[in-house]
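Here are the chains, one letter per residue:
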Amino acid sequence: MRSNPFTFGNPITDARRFVGRARQVEQVFSRLRNVEFESSSLVGERRVGKTSLLYHLADAEVQRAHGLDPQRYLFLYVDLALVDAMTTPARLWQYLLGQLKTLVPTIDFAALRDVAALDNFALAEFFDQLDAQGLYIVLLLDEFENVTRNANFGPDFFYGLRSLAIHHHLALLTSSRRELIELTHSDEIRSSPFFNIFANINVRLFTPDEARALVTNALAGDAIRFDENEIAALLDAAGYNPYFLQAACHFLYEARAQKLGPDAREKFWRAEFSKQATPHLAEYWRHSDDKEKIALAALALLEQPQHPLAREFDARELRALSAHSERVLAHLDKRGLVSWRGERYAPFNALFTEWILHALEETLDDADKPHTLNQALRDALAQSAPQVTPDELPGGLSPRELEVLQWVAAGLSDAEVAAKLVLSPRTVSTHLQSIYNKLGVNSRVAATRFALEHRLVKRESDK
Ligand SMILES: Nc1ncnc2c1ncn2[C@@H]1O[C@H](COP(=O)(O)OP(=O)(O)O)[C@@H](O)[C@H]1O
Ligand SMILES: [Mg+2]
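Because the structure is predicted, anything quoted here is derived from the model rather than measured.

The rules behind these values
Residues numbered from 1 in each chain as written. Chains lettered and ligands numbered in written order. Predicted model: local features only at pLDDT ≥ 70, side-chain atom pairs only at ≥ 80, totals over all residues. Heavy atoms only, no water. Helix = DSSP H or I, 4+ residues; strand = E, 2+ residues; numbered from the N terminus. Rg over C-alpha atoms; globule rule 2.2 N^0.38 Å. Buried < 20%, exposed > 50% of the residue type's maximum accessible area, 1.4 Å probe, protein only. Polar contact = N/O pair within 3.5 Å; in protein donor to acceptor, adjacent residues only side chain to side chain. Contact = heavy atoms within 4.5 Å. Near = heavy atom within 4 Å. Areas by Shrake-Rupley, 256 points an atom, 1.4 Å probe, with all protein chains shown as cover. 1 Å grid on protein atoms, 1.4 Å probe; cavity = no way out; pocket = protein on both sides within 12 Å on 5 of 7 lines; lining within 4 Å. Points joined across faces, edges and corners; volume = space filled by probe spheres on them. Nonpolar A, V, L, I, M, F, W, Y, C, P; charged D, E, K, R; others polar. Domains from an automatic or database assignment. Buried area = accessible area lost by both parts, 1.4 Å probe. Salt bridge = Lys/Arg side-chain N within 4 Å of Asp/Glu carboxyl O. Pairing = 2+ DSSP bridges. Axes fitted to C-alpha atoms, helices over the stretch in contact; angles between N-to-C directions. Expected span 1.5 Å × (residues − 1). Core = buried A, V, L, I, M, F, W, Y, C linked by side-chain atoms within 4.5 Å. pLDDT = per-residue confidence, 0-100.

**Some remarks on the overall build of the chain**
In terms of regular secondary structure, the chain is built from 22 helices and seven strands. Taking 463 residues into account, the globule formula puts the C-alpha radius of gyration at 23 Å, and the chain, at 25 Å, falls close to it. For the C-alpha atoms alone, the extent of the chain along its principal axes is close to 70 × 70 × 35 Å. Across the 463 residues in the chain, those meeting the buried criterion constitute 49%.

If you want it as structure tokens, here you go:
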């Protein structure tokens, strides 16, 4: 029997199985065909298909089809999930150049053996050799935020990389969950001209056509078929997100392969899909700020007007609330967590709607009758405030800012915080200003409240 043509979890590495994204692919290649040989930065939520897209761009046939000769254009994919607190810029360069050398064995480069010798001059020499051979290098840097957020990579590193990209035949294709400029470890990096070399290309949900193609293409020539009702149910449950679609299709395929009857089939794929998808939905929720959660909650309630919870709220108020959240919705749209359904936004799939309502139910259950929706949702959300996870700090704070906030919330003065963290009082006040900006507050009290709501406050014993 044929193996399941739907897979999820691992990126798509076979160009024949890659669906859609024609516009983004053309955008990237047109920038590479440009005499300036320009870099691009792919931005999209976890699991929306960034790594798959990078692999697709690295495919020689795909390059040929877009007017680049794979003999002259060398694409090197690098998974930067490997970068950690131990990784130095020189070590990363040593790795990158080592990989390049396997693609171009004729390159003579002694400095490769000595990490300490890998300065900007040595790098320029290396790329001079490639230029002289008429080669163009494209580095595909997956999860590049692991570098921009890593304090080992200072301004020199980014300055050097930019200068190589400008003066040599080097282009970068990065992927990251948010725009790189939002994912830097310091203001100095954030304001660096490095980021000017990129055009941001958003990797969002599939279009309706791409979503349908994902479901149907994989079944071409297969004895197993999905009927129209099933396809509609899959698209509704999974939305236009390639990961969720692949997962839902995978389980329906399996049910069909096991020759289950229609009811058993539906029961099977829905249960398995839900099991698979739920942790990711919870993660999207955890990585949303309070405004995003409120907007998502309002949209979920609007999707299910018959839900007992929805009946407690005034639909007009809900619509007004989501209409007032234009900027938040635009951001959620960019993240692929909502999709436009003709007249309004909805959570990106039906399972997410259910998940949100369930989460609301749990937190609103024994709360007093709310005064206003806004208040009710706020209260509910405060209770479900996210725990701090190492890779995503609340309010978009940097680890340093978080530390400053924690001590401020514990009641220390600026001078005391400065002493505690071995910083100058001026630096502390700069951090505080940035914390205020990020949290949208303008006082110590309000910042402290944020810290309390997010359970960030240090205990006495931590001091
Ligand atoms: N263009 C695509 N065509 C078909 N399936 C895709 C495509 N992009 C993503 N997928 C599916 O989504 C899953 C997640 O994609 P991946 O590239 O790993 O996302 P990211 O790197 O953004 O986290 C893949 O395992 C695959 O099942
Ligand atoms: Mg990835």
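**Here we look at the side chain of Arg265**
Mapped onto the elements of the fold, Arg265 is located in helix H12 (residues 262-286). A polar contact of 3.0 Å, which involves the side chain of Arg265, links it to the side chain of Glu230. When near neighbours in sequence (up to four residues on either side) are disregarded, Arg265 contacts Asp227, Glu230, Leu252, Ala255, Arg256 and Leu260.

**Observations regarding the site of ligand 1**
Around ligand 1, the surrounding shell holds 21 residues, and the nearest of these are Thr7, Asn10, Arg47, Lys50 and Ser52. In the model, an oxygen atom of ligand 1 is placed 3.1 Å from a nitrogen or oxygen of the Gly9 main chain. For ligand 1, an oxygen atom lies 2.7 Å from a polar atom in the side chain of Ser52. Alone, ligand 1 offers 560 Å² of accessible surface; in the complex the protein occludes 94% of this. Elements supplying a minimum of two residues to the shell around ligand 1: helix H2 (50-57) and helix H11 (242-257).

**Some points on empty space enclosed by the protein**
The tally for this structure, following the rule as stated, stands at one cavity of 30 Å³ or more. For the largest cavity, the calculated volume is near 40 Å³. Taken together, Leu92, Trp93, Leu96, Leu139, Leu141, Phe144, Phe157 and Leu161 form the lining of the largest cavity. Mapped onto the lining of the largest cavity, the elements with two or more residues apiece are helix H4 (89-103), strand S3 (136-142) and helix H7 (155-167). Among the elements that make up the lining of the largest cavity, the one with the highest residue count is H4 (three residues). Tallied by class, residues from the lining of the largest cavity come to eight nonpolar, no polar and no charged.

**Observations concerning the domain arrangement of the chain**
Domain boundaries assigned for the chain yield domain 1 (21-202), domain 2 (208-277), domain 3 (288-383) and domain 4 (394-462). One C-alpha centre belongs to domain 1, the other to domain 2; they are set 37 Å apart. The partner domain 2 presents four residues to the four residues of domain 1 that form the contact. Carbon and sulfur atoms make up 46% of the surface buried where domain 1 meets domain 2, a total of about 350 Å² over both sides. For the pair domain 1 and domain 2, the number of links is zero salt bridges. Between the two partners, domain 1 and domain 2, sit one residue pair in polar contact (both at pLDDT 80 or more). Classifying every residue of the side of domain 1 that touches domain 2 gives two nonpolar, no polar and two charged.

**Things to note about the sheet that holds strand S2 (residues 73-79)**
The five strands lie next to each other as S2-S3-S4-S1-S5, forming an open sheet whose pairing is parallel. In this open sheet, the two edge strands, each paired with only one partner strand, are S2 and strand S5 (198-202). Across the sheet, the axes of successive neighbouring strands diverge by a mean angle of 20 degrees, strand direction being ignored. The pairing of S2 with S3 spans seven bridges and is classified as parallel. Bridge pairing in S3 places Val78 opposite Leu141. Sitting on the sheet, H4 is in contact with S2 and S3, with an inclination near 140 degrees to S2.

**Re H4**
For H4, with 15 residues, the first-to-last C-alpha span of 21 Å sits near the 21 Å given by 1.5 Å per residue. Of the residues making up H4, those classed as buried are Ala90, Leu92, Trp93, Gln94, Leu96, Leu97 and Leu100. Residues of H4 that are buried sit in contact with S2, helix H5 (120-132), S3, helix H6 (145-148) and H7.

**Focus: the nonpolar core**
Judged by nonpolar contacts, the single largest core of 61 residues is most densely connected at Phe226, Phe244, Trp269, Phe273 and Ile356. No other element matches the 10 residues that H11 contributes to this core. Residue contributions to this core reach at least three from each of two domains, namely domain 2 (208-277) and domain 3 (288-383). Dropping the residues within four chain positions of it, Phe244 is found in contact with Ala238, Phe273, Ala277, His280, Leu281, Tyr284, Phe348 and Asn349. Membership of the second largest hydrophobic core comes to 39 residues, among which are Leu96, Phe127, Val147 and Ala165.

**What about the confidence of the model for the chain?**
Per-chain confidence: the chain averages 88 in pLDDT, with 92% of residues scoring 70 or above. Throughout residues 383-390 the model reports pLDDT below 50, and contacts reaching past four residues in sequence, or to other chains, amount to 18 contacts.

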